[in-house]
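Working through the structure, step by step
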Amino acid sequence: PISGAEHAGSDRLLYAVPGGPLFSLVSCPHYLGEIIIYVGLALVNQGSLNNQLMLVWVTANLVLAAGATHEWYVKSFEDYPKRRKALIPFIY
């Protein structure tokens, strides 16, 4: 929600389509960034089992969350960009 942007006399919050360079490609670039961070962490730690499991868990969680978030944006905004993907530019 947009901070402090409420309809006068209403409890409904206003939502806006996110914008910016990375948001023009995907709905959740911050999730993609977090996955990249965990990939780097797994590489730095030479693929220890704990780091591999953490990477799998975080990736699965964020892929599902990105899909749900993207679906919500598409349903909630008629003007939501049709070419924008959920998490991975041009793919998903």
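Look up: the structure comes first, before these words.
Residues numbered from 1 in each chain as written. Predicted model: local features only at pLDDT ≥ 70, side-chain atom pairs only at ≥ 80, totals over all residues. Heavy atoms only, no water.

**A short note on the overall build of the chain**
On a plain count of helices and strands, the chain comes out with two helices and zero strands. Scored against the burial criterion, the 92 residues of the chain give a buried share of 23%. Considering only residue pairs separated by 6 or more positions, the chain has 57% of its internal contacts joining residues 24 or more positions apart. Split by element, the accessible area of the chain, about 6,600 Å² in all, is 63% carbon and sulfur. (Helix = DSSP H or I, 4+ residues; strand = E, 2+ residues; numbered from the N terminus. Buried < 20%, exposed > 50% of the residue type's maximum accessible area, 1.4 Å probe, protein only. Contact = heavy atoms within 4.5 Å. Areas by Shrake-Rupley, 256 points an atom, 1.4 Å probe, with all protein chains shown as cover.)

**Considering the packing of helix α1 (residues 29–44) against helix α2 (residues 49–76)**
Running from amino to carboxyl end, α1 crosses α2 at an angle of 170°, the nearest separation of the two axes being 10 Å. If you check the angle between α1 and α2, you find them roughly antiparallel. For the pair formed by α1 and α2, the contact residues are Tyr31, Glu34, Ile35, Tyr38, Val39, Leu41 and Ala42 on the first element and Asn51, Met54, Leu55, Val58, Thr59, Leu62, Ala65, Ala66 and Thr69 on the second. For the contact of α1 with α2, the class distribution of residues is twelve nonpolar, three polar and one charged. (Axes fitted to C-alpha atoms, helices over the stretch in contact; angles between N-to-C directions. Parallel < 35°, antiparallel > 145°, perpendicular 65-115°, else oblique. Nonpolar A, V, L, I, M, F, W, Y, C, P; charged D, E, K, R; others polar.)

**Concerning unusual backbone geometry**
Positive phi, close to 70°, is recorded for Phe90, a residue that is not glycine. Mapped onto the fold, Phe90 is located in the segment after α2.

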